[in-house]
Structures are given as C-alpha cells and as structure tokens.
Amino acid sequence: MEAGPRDTAPGGEQLSPDGPEAIPDGVIADGPTADELTAQDEAAEVEIELRPQRRLRIWQLAPIVILATVGSLMFAFPLFFEFGDGGAVVAMLGLLISSCAAGWGMMAARRVGYTLPGFPPRGSGRWPDWRVVGAYVVVVAAVAVLAVWRVARLR
C-alpha cells in the first residue's frame, strides 16, 4: 500500500486538490467557534515576542576578550621594552592576534544584529554613507601604518 495525500474527507466525499470547497460558518472543527471569534476581535490584542532577545552572551565574548588581551600584550610589551631581535616578530604576531580578535568580535556582533556606528541596520536596504566608510578606512589605515612603522623601528 502506497502512502499518499488523502483525497477524501472523513465523511467519504471527494476533496478538491486544494482542500474542502467551503468551510461552514468560517469555523473549522479544531478552531474557535463563531462566538469566540467575535469576542476575540473585540478584546485588545497583546503581542508577545517568544524568541529570546538577540544579544552577545558571555560564552561568545570571553574568547574574543581573551584573544584581544593576549594579542595586545604581545604587541605592546616588545614595543615598549624594546626586546632584542625577536621583539619585532612577537609584536607582529600580537598585532595579528589582536586583529583576528577584532574581526571575530565584529562578526559575532553582526550575527546578533549590531552594526558599526554610522552604518544602517542590517536588512534595511539602505547603503552606508560614503563619508562614514571613508572615515573608517582612514582610521584603520592610519593604525596599520603606525603599527608597521613602530615594529619596523625595532629592527
């Protein structure tokens, strides 16, 4: 016996491909009665969000903060105390780890719906202002140039 869609109603009558032709009084057997429908229309409706609020949790933030801290210390100490020849390598590795932590944090924030200041919310269909994008590019480029310049001075 093959399993397939039912084409007969419980009373034995044939159903159309889209279901029953008409529902008596607009009420189905397992739904509310006509009186309950009118009572519900008159009552004030209250909408409750069943999904939890999207926000970053501690288990998402902890590895990002730890990586950023370790990377920052690896970058700062060789630059500040000017260790020997290996200081430049440790500093660049620290810069790399810090950058990875920043990217990881930005991706986690984006996943829960946060955006950078000046950028439109995700899914709004709007484009960011070119001045805000330009400001971010200038700041990131300046930080990168200063970091590479400082590490180059260690050698």
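The structure presented is a predicted model; accordingly, all values stated were derived computationally and were not measured.

Cut-offs used in this document
Residues numbered from 1 in each chain as written. Predicted model: local features only at pLDDT ≥ 70, side-chain atom pairs only at ≥ 80, totals over all residues. Heavy atoms only, no water. Helix = DSSP H or I, 4+ residues; strand = E, 2+ residues; numbered from the N terminus. Buried < 20%, exposed > 50% of the residue type's maximum accessible area, 1.4 Å probe, protein only. Contact = heavy atoms within 4.5 Å. Areas by Shrake-Rupley, 256 points an atom, 1.4 Å probe, with all protein chains shown as cover. Expected span 1.5 Å × (residues − 1). UniProt positions renumbered as here; feature names shortened; annotations may be inferred.

(A) Just the overall build of the protein chain, in detail. Assigned secondary structure in the protein chain consists of four helices and zero strands. Overall, the protein chain shows an N-to-C arrangement of helices and strands of α-α-α-α. Taking all 155 residues of the protein chain together, the buried fraction comes to 15%. Counted over contacts in the protein chain with a minimum sequence separation of 6, partners at least 24 positions apart contribute 49%. As displayed, the protein chain has an accessible area near 13,100 Å², and 64% of this comes from carbon and sulfur atoms.

(B) Region of interest: helix H3 (residues 87–111). The terminal C-alpha atoms of H3 lie 36 Å apart, and with 25 residues this matches the ideal 36 Å at 1.5 Å per residue to within 8%. When we look at burial in H3, the residues that qualify are Gly87, Ala88, Ala91, Gly94, Ile97, Ser98, Ala101, Ala108 and Ala109. Count one or two residues on from H3 and you reach Gly113, which has phi positive near 105°.

(C) Main features of the environment of Gly123. Tracing the sequence through the fold places Gly123 in the loop between H3 and helix H4 (130–154). For Gly123, a relative accessible area of 80% gives the class exposed. A sequence separation of ten residues divides Gly123 from Gly113, and the C-alpha atoms of the two residues are 9.5 Å apart.

(D) Representation of the UniProt feature "transmembrane region" (unreviewed entry) in the protein chain. The UniProt feature table records "transmembrane region" (unreviewed entry) at residues 61–81, 87–109 and 130–152. Note that residues 130–152 is 100% helix and 0% strand, and that its end C-alpha atoms are spaced 32 Å apart.

(E) View of the side chain of Ser98. Turning to its location among the elements, Ser98 is positioned in helix H3. Given the relative accessible area of 18%, Ser98 is considered buried. Aside from chain neighbours lying at most four places away, what touches Ser98 is Ala68, Gly71 and Ser72.

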